[in-house]
Each structure stands twice: as C-alpha cells, then as structure tokens.
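A closer look at the structure
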Amino acid sequence: MPAILPRRPEVPPAARVAAAVGAAVAATAVFVLGAVLHWGGVGDRSSRTVADIMGDFGLAGAAALAAVSSVRRALTLSGALRVSWLLFAGSALVAGFGNAVWGWYELVLRTSPPVPSMADWAFLCFAPFAMAGTLVHHRGVGGPLAWLRLGLDGTLVGGALFTAGWGVALSRVAYSDGHTPTQITFALAYPVFDILLVSLVLCLRHRGKGRGDGASMLMLVCGYSVVVVFDGLWTLPQVRAHYYSGELMDAGWFFGYLLLAIAPWMSVWRAEAGAGVASGWRTRLLAGSRRLVDLAGQLFPYLAGSTCLAVIMSDGLRGRHQVHPVPLITGCAVLAALVARQALTLTENLRLTKQLTLRENHFRSLVQGASEVIMTLTRPGRLGYISPAVSGVLGYEPQHLIGSSLYDLIHLEDRRGVIEAVDRFLAGVAPAVLVECRIRAARVMPLPGAGEGAQSIWRHAESTVTRHCGGLVFTIRDVSDRVALRNQLAYNAYHDALTGLPNRALFGERLAQALHQRSAARRPPAVVFLDLDWFKEVNDAQGHAVGDELLIEAAARLRAAVRVGDTVARFGGDEFAALVQAGDDGTVHEVAERLHAALVRPYLLPAGRFVVGASVGVAFWRPGMSAAQLLREADLAMYEAKGEGKGRLIVREAPVPR
C-alpha cells in the first residue's frame, strides 16, 4: 500500500508578504555584515574578496532576480500591463548588466572601468526603461493638455530636485578640475535621469491614475526610491572618491533591487488575502495622509520656485560671486513652468466653472420640470430645498414647507416604519432605499383609480431616499392611482360585481379561518345556504334587468339581517350563503329565520311588485369535518328544503356539547 504523503500547509497571502520583505531585509543584513567585516580580506584593498564579489556580481544577481520576477508577472498578464512589466524588467536587466560589466573590469581585468564604459551606458538606461514602464502602466497621460500638464509638473519637480542636488553635490562636480567634459556629463547624467524618474513617478502617483495595481506600484516606487537615493549619494564627490565595491553603499542598491523583485507580486498576494475591513484609526490615518499629499501637491510649485531661488542665491554668494549657468537656466525653466502651470490651471478652472454652470442649469431645469417631488432633508428631518412639482402633487407651495418636518406630513400609521427605514439606511452602505407611505396633501384631491368621485387627503407615495451633503434627498412619486387600482382589483377578485357581496372565494377563506381559530371555549360556526324560489320565473318573464334589481335588493336585505361579524355572500345565480359565527343553537336558528323572513317579503321594484320564496339549509360543524364538507352539508340541507315543497328551512343536527 503506497504511503500517503502529508499535505503541505498552504501559506497565507499575508504571510507571503511578511516572508518576502523579511527575506529581503535578512539578505541585506548579511550583505551589510559582509561589507563591514570585509569577508575574505586580509587588510589590503588590492586583494579581491568575497565582499568585492558581493558588491559587483551580487548586485548583478539581485537585479537579474528583479528582472526575472517582472518577466514572470508579465507572462500572467496581457495587453499594456504585460508591456509595462516587461519594461520594468528591462530596467532591472540593464542595471544588472551594468553591475556585471563593472565587476568584469574590477574582478577579472583588475582595473577600474573607463569613463564612459558599457557599464555607464547600461546604468543610464535604467531610468528611461522605468519611466516608460510607468507611463504604460498608468495608461499614458491622455490628450495634449494632459501631456503639457505632465511636462510642466515634471519640470517643476525635476527642477527643484536638480537645483537642490546642485547646491549639495552637483556644483562640486561641475566646478571640479581634472575631469573631461564627457566625465562631467556622465557624472551629472546619473542624477538627472534619476530626478526625471522620481518626478514622473511623483506626478503620476499624485494624479492617482492607475490600473488597480496599487500594492505592486507602491513597492516598485519604494524600490526605485532606494536605488535613486543611493545613486544620489554616489554622486557626492567625497563619497565617490573613496568608493570601493563591496562597501555599505552597495547594500543600499542591493536592497532596492530586492524590493523590485518583490514588487510584481504584491498586488497578487494582497488580492488573495482580501482587502478586509480597515480599523478606525487606519482609516483616519489613510485619510489624513491623503489630505497631506493633496496639500503638498498644491504647494509644490511654490516650493519648487523657492528651492531654485535659494540655490541660485547661495551659488552667487560662493567664491567669486558668480552664478553658474546650469542652476540659472534651471531656475528660469522652473519659473517659466510655474507661470505656464498657473496659466493652465486658471484656464482649466474657467473651463470647469463654465461646465459646472451648464450642468447646474441643466440639472435645475430637470428638477424643476420633473413630475416627481424632490426634497432635501437634514438629519432631524427638516425640509430644505423643495421642487416646484410639490404644488401639483400635494397642493403645497414650496416656500410654505421649508423648515418644517417631513415626518409631520406622513400618516401616523406609516411614520414609524419610515423613520426605521431611514435609520437602517443611514447605518448601512446602500446607495438608496425605497419606502412607501401616505402623505397628507394640502387639500382633498381626487383618486383617479378608485372609481368615480373618489377623493382623499392622503396620497400614497413611493419615495427613493439617497444621501446628499450630510443630509438626505427624498424623490417622491404619487402612486395613489396605482394603489387605488390595485385595491380595486383586489376587491373585485373577492366580491360579486352585481351585488357587492363577498363571493365564493372570500367566503371560503373566512370559513377556513373561522374553523382554524375554533377552540374549546368557542363553539364552531354554522353555515346557512339560501336559494330564491320562483326567481327563474320572474327573471324569464320580466327580463334580466328586473332579475338583477331583485338580486340587488335581496343582497341588501341579507346584509342588513346578519349580525356584526357574520358574513353573507353570493355563490352565483340566485344562491346565497351566510357564515354565522360561534353562538348557541338558538342564535343560529334566529339568524337563519331572520334571513328567511327578509327574503320572502314582497319586492317593490320600478317594474312592479314581486313575491318570491326562499329555501334555507343550515349545517353545524362536527368534529373531523372540513370546510368543504361543512359547505356540502349546508347545500344538501338547502336542497332538502327545496325538495319538500320550497319555502322551507331545514337544519342539520347540531353537535352535542361536550
């Protein structure tokens, strides 16, 4: 029997993130330890050690790992997303190639790389690949105005960072002697390209135009930021003059490449883990961070101009009080971009203001011309804006209702349900809720679907409730005609059209309900069946109109003869039935005799005087008898009375009390 291998436990997605970041930190810690101890060294920097190999080929391996990770992620995607991750992979790949070339010169050829070398060209391609991938990932930037805005924002950000870097380190490179123009160009090109990369990332991240890949992009930005920071440190002349492979500087690049290797899978792991419900303090912290970012984005153009001005002034106060043309040109470019950006912002604000005005006018015309009543409410239920449609729907003038409570207009029986529905809506996250209630109109108004002449001061309303600026919006539609029609249809379904009495269906429901509610303390109901004798002769001789008048009069007499709580119904033709509620036998007999007497009295109709008889059958419920069986017993009793000569009243034997 083959052995059953234990199933490997599945690693939770959140644990994957922690493990990946922890592994990157641990590997960097090992790298730092090797750089500090200078593993493999004998105290002489001329000897090639393990730390030197880590500083060259170790960086190349970390960058290659980032490239492979990005390519694997790209293969799981399609379209522009695949292209963006392939470009990110290209960025890491050229960085790894540059470190490998650098290591070849130092460790194999045992010489310093020339300037420029293949390593320099590879390092220069790192930022352009990353910028291209960022643009593709963010769906480009849009139309010409969007490109212009991005260019101006990039100029502001890049100019500020460049002038700040000029004041710290780049000016020393530009003023230094003993370097060829090519060497100075390459020394300045590294930070310039890094500044352009950071500018692009900051501009696009501030605009928030992404593809729902936020976790991966955030880690990617962190990785690029670490690499750019250490590129900037390497630009400092005092740092670059004493730089050797395998030192602490390389640990920063190593950690940045590892973050780039983790970045492609951050969004995948986060999606598998699920977003979850953020706690209150996290939500507040995130909202506060976004407000700070928005404020920084609004103030950055002015900060950029101030930074350029400060650097130019400090450059002019240095040495022979001459300003180098590089910061001067950069400052002028930033100033021009600032002016153009402000002009573009003013133009866009004017355009947006016009669009907003047009939309407000369009919305106002829609609201004022709508047949529904639109009301805004504050939390206590006070009415704010009220559309003019309220005059036609409820008969009020809008200005007379402003400041009053909507709940005072709602029918007392419906008010509690509306308040509870609104409270549940405010406590939830649904975008809207539908409530039905009766609202008092200013005057008695007709009900179109309730029959001729029907009027009521209460209007049936269907209201859609939505949120608006800390309050609520009620969109009220008058559905009184629909409700009246629905009620009329329900009435017609259970009532006889000619006499208005309940029909066979409603009688059966009430009989079943009466039998279901019987108890030992209450006697069961009785059923009385009635049939008009000699009605056919009147109907045939005088016509159906006279016959209908006689049936209407008979129905009115039966309705007046029964007690409150009893039910009399027309079963069809000239047959009627009465459900007599619980009582003693004498009560049932009394009601049956009263019904019989009411039917046999002469009928004084416009067509003349008519006399008809009535055959009556009474049946009492007995244990084990169903509603249908009780009806059948009463029907048999009625036919028995008709068979014995008509005009008779037959009572089936009543149950014996227990």
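Placed above this text is the structure.
Read on for an overview of the structure.

What counts and how
- Residues numbered from 1 in each chain as written.
- Predicted model: local features only at pLDDT ≥ 70, side-chain atom pairs only at ≥ 80, totals over all residues.
- Heavy atoms only, no water.
- Pairing = 2+ DSSP bridges.
- Helix = DSSP H or I, 4+ residues; strand = E, 2+ residues; numbered from the N terminus.
- Axes fitted to C-alpha atoms, helices over the stretch in contact; angles between N-to-C directions.
- Salt bridge = Lys/Arg side-chain N within 4 Å of Asp/Glu carboxyl O.
- Buried < 20%, exposed > 50% of the residue type's maximum accessible area, 1.4 Å probe, protein only.
- Contact = heavy atoms within 4.5 Å.
- Phe/Tyr/Trp six-rings, centres within 6.5 Å; stacked < 30°, edge-to-face > 60°.
- Lys NZ or Arg CZ within 6 Å of the ring centre and 35° of its normal.
- Polar contact = N/O pair within 3.5 Å; in protein donor to acceptor, adjacent residues only side chain to side chain.
- Expected span 1.5 Å × (residues − 1).

We now examine the sheet that holds strand 1 (residues 373-377). Read across the sheet, five strands follow the order 2-1-5-4-3 without closing on themselves; strand pairing throughout is antiparallel. The sheet is open, and its two borders are formed by strand 2 (383-386) and strand 3 (432-446), each paired with just one other strand. Averaged over all pairs of adjacent strands, the angle between their axes in this sheet comes to 30 degrees, without regard to strand direction. In the sheet, strand 3 pairs with strand 4 (residues 455-468) via 11 bridges, with the strands oriented antiparallel. Bridging across to strand 4, arginine 440 finds its partner in tryptophan 458.

Per the counting criterion, the structure on display carries 15 salt bridges. Linking aspartate 478 and arginine 459 is a salt bridge whose minimum nitrogen-to-oxygen distance equals 2.9 Å. Of this pair, aspartate 478 sits in strand 5 (residues 471-478) while arginine 459 sits in strand 4, and the two are 19 residues apart along the sequence. With relative accessibility at 28%, the residue aspartate 478 sits in the partly exposed group. The salt bridge partner of aspartate 540 is lysine 536, with a shortest N-O separation of 2.9 Å. Placement of both aspartate 540 and lysine 536 in helix 18 (residues 535-542) is noted, with a separation of four residues, approximately one turn of the helix.

A word on the sheet that holds strand 12 (residues 649-651). Strand pairing in a sheet relies on backbone hydrogen bonds, with the paired strands running either antiparallel or parallel. Taken together, five strands build an open sheet; the order of strands is 7-8-6-11-12 and the sheet is mixed. On the outer flanks of this sheet lie strand 7 (567-572) and strand 12, each paired with one strand and no other. Across the sheet, the mean angle from the axis of one strand to that of its neighbour is 20 degrees, orientation sign disregarded. Lying over the sheet, helix 19 (residues 544-561) contacts strand 6 (526-533), strand 7 and strand 8 (575-580), oriented at roughly 150 degrees with respect to strand 6. Sheet strands touched by helix 21 (residues 627-643): strand 6, strand 7, strand 8, strand 11 (613-620) and strand 12. Its angle to strand 11, the strand with the most contacts, is close to 145 degrees.

A separate point is the packing of aromatic side chains. In total, this model carries six aromatic pairs according to the counting rule given. On the numbers, 6.5 Å between centres and 45 degrees between planes, the contact of tryptophan 102 with phenylalanine 123 is tilted. A residue pair is termed long-range when its members are at least 10 positions apart, and tryptophan 102 in helix 3 (residues 79-108) and phenylalanine 123 in helix 4 (residues 118-137) qualify at 21 residues. Their ring planes at 80 degrees and their centres at 5.4 Å tell us that phenylalanine 507 and phenylalanine 571 sit as a pair that is edge-to-face. On the criterion of sequence distance, the pair formed by phenylalanine 507 in helix 17 (residues 504-516) and phenylalanine 571 in strand 7 is long-range, its members being 64 residues apart. Each member of the pair, phenylalanine 507 as well as phenylalanine 571, is classed as buried. Of the aromatic side chains, those joined through ring pairs into one cluster are Trp85, Phe88, Phe126 and Tyr224. For arginine 467, the ring lying beneath its charged end belongs to phenylalanine 425, and the centroid distance is 4.1 Å.

Turning our attention to the side chain of serine 69. With respect to the helices and strands, serine 69 occurs in helix 2 (residues 50-75). Judged by its relative accessible area of 8%, serine 69 is buried. Here the side chain of serine 69 touches tryptophan 265 through a polar contact of 2.9 Å, side chain to side chain. Non-local contacts of serine 69, meaning those with residues more than four positions away in its chain, are made with Ala261, Pro264 and Trp265.

Glancing now at helix 9 (residues 248-262). Across its 15 residues, helix 9 extends 22 Å between first and last C-alpha, which sits within 8% of the 21 Å expected from 1.5 Å per residue. For helix 9, a buried count of 13 out of 15 residues is recorded, marking the element as mostly surrounded by other parts of the structure.

Along the chain, asparagine 99 falls in helix 3. Asparagine 99 gets classed as buried once you look at its relative accessible area, which sits at 8%. Leave out the neighbours within four places in its chain, and asparagine 99 touches Asp56, Leu59, Ala60, Phe123 and Tyr257.

Spatial relationships are all this shows, so hold off on functional conclusions.
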